[in-house]
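Survey of secondary and tertiary structure
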Amino acid sequence: MRAVIGAMAMAMAAAASAAEVTVKNDSLTDLSAGVIQAGFVAGEKAASWLTSPCTGNIVGVQVFWRSLSGGAAFVIGDAIDIHRAGSFPTPGELALSVLGPVMTDGVLNEFRYLDENNTIPISVPVAQNETFVVAYTFSENPPAVGPSVVNDSDGIQPNRNAIYAEISPGLFFWFGSQALGVNGDWVIRAVVDCQAAAAQADVSAAITASVPAYTAGAPLTYTITITNAGPSATNAAVVDTFPAAYTAPTWACMATGGGSCGASGSGNIADIASLPPNAQVVYTVNGTVAPGTTGTLANSVVAVVNAPVTDPNQTNNTATSTLEPDTDRIFADGFDP
């Protein structure tokens, strides 16, 4: 690994709420010395193994990104992943990914949402004393003087820092950072909301289409249903980014069971629904399949609860409608010679 040592002037993230705790291994503070590790290549990862101080929700991730001179252009990384603990140095199950993080030089970059519109919050439940992994994946090779990830300079803790390294073209393996010459803790952190565990709400999404197969140039209606099985009330971010072939969509929402949602809109759905236990909101979307459309028409909707409420079952938060073109119009109309 190529390393450059310099004084780090850290632009810290905004103040967290009283219930939030920044979980870290490193000792870096404003104006303290850190080490820029610029020896990575695209596809490699730097990872911190962190331990939650409480039962709660991971609501943010932080990566310090720095060049020797400062002021370098921003870099779009590949991803920041949150994993369950595995067997060091190899992380366990992937819990969540922040794709395409925009990294600013000289800043402790903090991310709290999965999308650039800040509508889908990071929300990963953790138990007290649970170890989890936050890993930054490089999209390109850093220059020799950065910007890149940073570690502190006062020693490395055992089994807390890892690197996913390319040992031959296209072949990657996990290693403890110290084995590859890194002698400090990564400045890669997480923010845990320690009040989040008190409430849970099982929010689910479903979607149906008005026809079993689409016709190019014809109308198409989607019905999207978001339900909260409880036991707690929650607000849920509902997002549907419609495929380009689904043109001029307009939508209206109806709520039952004491819920509420945006009354109507046009274009993509980016709504906040209020969902008491057993409440439901239904979005009816009307649009037209663009003339000349061919192939599979897929449309997905996602509903994510907002902190401090957690969702005990995150396998049912996304639903997808997949339609093929209706190429057999004669028999579809009931004509059978």
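All of the points below concern the structure found in this document. Along each chain, the written sequence defines residue order, and numbers are assigned to residues from 1. Only residues with pLDDT of at least 70 get local features here, since the model is predicted, and only at 80 or more are side-chain atom pairs given and counted; chain-wide, interface and lining totals rely on the full set of residues. Water and hydrogen atoms play no part in the side-chain values, which are based on all heavy atoms of the structure.

**What about a nonpolar patch on the surface?**
Each patch groups residues whose relative accessible area exceeds 30% and which form no salt bridge, using 9 Å between like charges and 5 Å between nonpolar side chains of Val, Leu, Ile, Met, Phe, Trp and Tyr. To measure how exposed things are, a 1.4 Å probe is used in the Shrake-Rupley method; for residues, cover is taken only from the protein chains shown. Any carboxyl oxygen of Asp or Glu that lies within 4 Å of a side-chain nitrogen of Lys or Arg is treated as forming a salt bridge with it. A cluster of nonpolar residues, F74, I76 and V102, forms a patch on the protein surface that exposes about 290 Å² of accessible area. Helical segments are the DSSP runs of H or I of at least four residues, strand segments are the runs of E of at least two, and each set is numbered from the N terminus. One can find I76 in strand 6 (residues 75-76).

**Focus on the sheet that holds strand 19 (residues 234-240)**
Two strands are said to pair when DSSP picks up at least two bridges between them. Spatial strand order, 22-19-24-25: four strands in an open sheet with antiparallel pairing. With one partner strand each, in any of the chains shown, strand 22 (269-275) and strand 25 (318-323) form the two edges of the open sheet. Strand-to-strand, the axes of this sheet are offset by a mean angle of 15 degrees, without reference to chain direction. Here strand 19 pairs with strand 22 via seven bridges, running antiparallel. Pairing of V239 across the sheet is with A270, part of strand 22. Only C-alpha atoms enter the line fits that serve as axes; for helices the fit covers just the stretch in contact. Angles between N-to-C directions range over 0 to 180 degrees.

**A few points about the environment of Q195**
By secondary structure assignment, the location of Q195 is in the loop between strand 16 (188-193) and strand 17 (201-209). Think of it in three bands: residues with accessible area under 20% of the maximum for their type are buried, residues over 50% are exposed, and the middle band is partly exposed, with areas taken using a 1.4 Å probe on protein chains only. On the basis of relative accessibility, which here comes to 55%, the residue Q195 falls in the exposed class. For the pair Q195 and G100, spaced 95 residues apart in the sequence, the C-alpha separation amounts to 29 Å. Contact criterion: two residues are considered in contact whenever any of their non-hydrogen atoms come within 4.5 Å of each other. Those residues in contact with Q195 that sit more than four places away from it in its chain are A19 and P308.

**Side note on the side chain of E44**
If you trace the backbone, E44 turns up in the loop between strand 3 (33-37) and strand 4 (45-51). A residue is classified by how much of its surface remains accessible, and E44, at 6% relative accessible area, is buried. Any N or O atom pair separated by 3.5 Å or less is treated as a polar contact, with the protein-specific requirement of one donor-capable and one acceptor-capable atom, and with residues adjacent in sequence counted only for side-chain atom pairs. A polar contact is formed between the side chain of E44 and the backbone nitrogen of E166, at a distance of 2.7 Å. Not counting the four nearest positions on each side in its chain, E44 is found in contact with G39, Y136, T137, F138, Y164, A165, E166 and F172.

**Comments concerning the pattern of salt bridges**
Tallied over the full model, the rule gives five salt bridges. A salt bridge links K45 to D81, with the nearest nitrogen and oxygen atoms 3.8 Å apart. Placement of K45 in strand 4 and of D81 in strand 7 (residues 79-84) is noted, with a sequence separation of 36 residues between them. A relative accessible area of 16% means that K45 is categorised as buried. The shortest N-O distance in the salt bridge between E130 and R84 comes to 2.9 Å. Placement of E130 in the loop between strand 11 (124-126) and strand 12 (131-137) and of R84 in strand 7 is noted, with a sequence separation of 46 residues between them. Here the residues in one salt-bridge network are E20, E110 and R112, joined through shared partners.

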